[in-house]
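What the coordinates show
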Amino acid sequence: MNQPRRKSKPRSAVRFSARDFRLLRAQARRDPEKFAATVPVVTLDDWVSAKITSGDPYSLRWGKNTPPKIAFQLEYDTEVALYIACDPDVLNVYAQALRRCWSSFGIRRGDRVVIFDYGTSPVSYLASCSFTPYLARGAADILGCLPICNDGAANLSQRAVEIVKFVCPRVLFLRTDCLHPFATEFNKGSTPLSSYVGALVAVENEGVLAAADRDAYQKNLGVPIYRLLRADAALFLAPECARCGLFHIWPDLYHVELSEQGKHGREGQLLITNWFAEHCQAVRYLSQVQAVLERPGCPAKATDPRIGI
Amino acid sequence: MTEPGRLVSRDMDRWPAARLQRYQLRRLKKILHYGSSELPFYRERFAKADFDPRTIKTLADFARVPSFAKKEVLDALHRKKTFDVGLERLNRAESGALCMTSGTLGTSFLYLPKRWASIRGDSLARAYRWAGLRRGMRMLMAAPAWHSLAVQETRVIQRLGATCVIPWGTFLPRYARHFLDAIIDVKPSFVTIFLPMLYALLGECRIRDLNPARAFETVDSILVVGAPMTPLARLNLRQQLGVKDIFEGLGNPEGLTAMECPHHIGHHIFLDCCYVEIVDPATGQLLPDGQRGNVVITSLIPHGSVYIRYDTEDLGAILTQRCACRRTWPLMEVYDRRANVLQIGGQQLVPYDIRSCLDELPELVNIPFAVVRSASKMERLTLLIQKPPSGNLKEIGVRMATLLRKRFNLEVLEEWAEELPQRWKGVTIIEEKDWRGMRV
């Protein structure tokens, strides 16, 4: 969700794109403690400062000499707007991450998927090569599904309900802040939602729907509701597992840690390192997500690291 | 020379009229054959109307094909309770997406597979080239994913090798803050935008006490869609924004593409993708060039949702002028939705006509207004106008009344308002009963 507008003092700009990814990755695997001790944490404030001091819209994160093929303005209520810059390679791996999320929610070939979120949310723009320039294959293209989007504005709930009724998707992805208006609108009719939709996935940037709220909506709407965690500044996606109820992390794409207060099994802020966005680096990005690191061992995928939120 | 992925050659817009007609007839016959053999919607309609597509031998014959409007699509949607109403043949082996129409008349669905996007996008790329978009240039892409323009622009950007920035949110005016940030930060040289959003950006500049020309200093060209722009409105926008040129595009997801070239005389109909007829709404007969009537379109793309003789319920005309660019694709204009036509003082007007007139008063250029429409016979024009930032309202009112009397022989009753109701798609008709309700 939107974070409070922050005030940043301009500091001397740090280039965030110059690090050797292979070295960092090897270090994070071989000696995670040393990685944590030697690699500085980066925050939204740092990127805001870098943008202000350098005038570079990409906060000195873009690591190529040529301009990025595509840039997305991010959903953060920071002092200045932030962007991620992508080349086709990054976009395509990012779409693979979304594809994994889709698979984990049970989406299969031939399914239809409705997305009640803005076109500028990765849940939308990574869904199909039809929506995004330079994306070779979106999640729907890879899986062989048919996607449809609706702007994620709460007042478009009526249209979202119409789409759901006519498209009958396997899964409806919707912004957490659209869940209430959608439920209100849908409940004006008498047919149960389960007649149209297999499951709902509530999506939020750097936050998740509270478990208690999820349970209440699940009861109210009569369909399973899963959660999908986004951290757009780090090009990060993590789905809630239907089997274990925790959020799975893919170690080939991301490395996660917790901030200091999260040591010794306690809750802390999630630190994310993205391993595929070499030219728009997010290394030890301090997100706003409060999480607990859990041991691998899910019956669905035993080796995946997991976090509880 | 024909390029891979393109249906036609690049110089098709300069073919002689006879060659264009032969081309269109050939494509129309193909699409009719496809519709009648593959698409249940047309099979049923043609059988019901006892119409045999094989009897179409000339372009004039094509007017015998039964037309249909949005209501019939919506009826089919509600009858079948599914988005695939038989206007499309779903191909599960091909990537694609569903899009929606924007819903002025109700929401319907369009199936847009990759081949549709390639053909329509490659066609549209021609217009973006006319407007100045070139390889390596940076473009602000404003269309949201649910809209078919996003699907087409995705192809255009790749085809032309442009780079792009996508602002957060959607094209509703309330997201103007994000759009303006993106323009200032990323400095695109080409912007595509919906006209109401462009006005919202000017409003956002006012809020920030920022000269719009400063904000748009890197922008060479703007391509606007979504609402008609009068010549004076364009001139004023160009001056305010300090851009080299502003182009206007017409189109709908069902098939119409008509875009301006740098001469701005009208919109060239993209004959590689669509066939356009102007039809008398009362008789259904074809109208000659220059006369206003219902715009009926046929998509020439045999993929995805196929619309054959679809009455868009837009009021438009094929223009009689030839364009100075010497392109042979005919010019057209769309003035408004048919539902917005005003019967007033014995004549038919649309808000575009009023807008053109108001734009002649410098204080009222681009100032939002709405016509309050009465359910009974209208003898005079009632206008609700947003107060302009400067000028004496009484004096402006007198000049406006004189102008409207001279142009349309109409009396006017004006009412000034601080703000008009939020109408994001530039709707300029308020029904009198609603207006009265709002004031209570």
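Residues numbered from 1 in each chain as written. Chains lettered and ligands numbered in written order. Predicted model: local features only at pLDDT ≥ 70, side-chain atom pairs only at ≥ 80, totals over all residues. Heavy atoms only, no water.

Let's talk about the packing of helix 7 (residues 195-207) of chain B against helix 9 (residues 231-241) of chain B
Residues and elements named next belong to chain B. One way to put it is that helix 7 packs onto helix 9 with a least axis distance of 12 Å and a crossing angle of 40 degrees. The pairing of helix 7 with helix 9 is recorded here as oblique in orientation. The handedness of the crossing between helix 7 and helix 9 is left-handed. Side by side, helix 7 and helix 9 meet where Leu195, Leu198, Tyr199 and Leu202 of the first sit next to Ala233, Leu237, Gln240 and Leu241 of the second. The class makeup of the residues in the contact of helix 7 with helix 9 is 7 nonpolar, 1 polar and no charged. (Axes fitted to C-alpha atoms, helices over the stretch in contact; angles between N-to-C directions. Helix = DSSP H or I, 4+ residues; strand = E, 2+ residues; numbered from the N terminus. Parallel < 35°, antiparallel > 145°, perpendicular 65-115°, else oblique. Left-handed = near helix turned anticlockwise from the far one by under 90°. Contact = heavy atoms within 4.5 Å. Nonpolar A, V, L, I, M, F, W, Y, C, P; charged D, E, K, R; others polar.)

A closer look at the confidence of the model for chain B
All names here are of chain B. When the pLDDT values of chain B are averaged, the result is 91; 94% of them are 70 or greater. Considering only residues more than four positions removed or in separate chains, one finds that residues 1-5, a stretch of pLDDT under 50, has 9 contacts. At the level of chain-chain contacts, confidence expressed as ipTM amounts to 0.93, with global pTM at 0.92. (pLDDT = per-residue confidence, 0-100.)

Focus: the packing of aromatic side chains
Residue and element names in this part refer to chain A. Applying the stated rule across the entire model yields 31 aromatic pairs over all chains. Centroid distance Phe105 to Phe173: 6.0 Å. Interplanar angle 70 degrees. Geometry classified as edge-to-face. You can see Phe105 sitting in the loop between helix 4 (88-104) and strand 3 (112-116) and its partner Phe173 sitting in strand 5 (residues 171-175), a full 68 residues away along the chain. Take Phe173: its relative accessible area is 0%, and that puts it in the buried class. Centroid distance Phe105 to Tyr226: 5.8 Å. Interplanar angle 20 degrees. Geometry classified as stacked. Of the two residues, Phe105 is situated in the loop between helix 4 and strand 3 and Tyr226 in strand 7 (residues 225-231); the sequence distance between them amounts to 121 residues. On the accessibility criterion, Phe105 (4% relative accessible area) is buried. (Phe/Tyr/Trp six-rings, centres within 6.5 Å; stacked < 30°, edge-to-face > 60°. Buried < 20%, exposed > 50% of the residue type's maximum accessible area, 1.4 Å probe, protein only.)

Topic: the pairing of strand 14 (residues 331-337) of chain B
Residue and element names in this part refer to chain B. In terms of burial, strand 14 is largely enclosed, as 6 of its 7 residues are buried. In the sheet, strand 10 (residues 267-269) pairs with strand 14 via 2 bridges, with the strands oriented antiparallel. Paired with His267 across the bridge in strand 14 is Met332. Pairing geometry for strand 13 (residues 310-318) and strand 14, over 5 bridges, is antiparallel. Its bridge partner lying in strand 14, Ala317 is registered against Glu333. (Pairing = 2+ DSSP bridges.)

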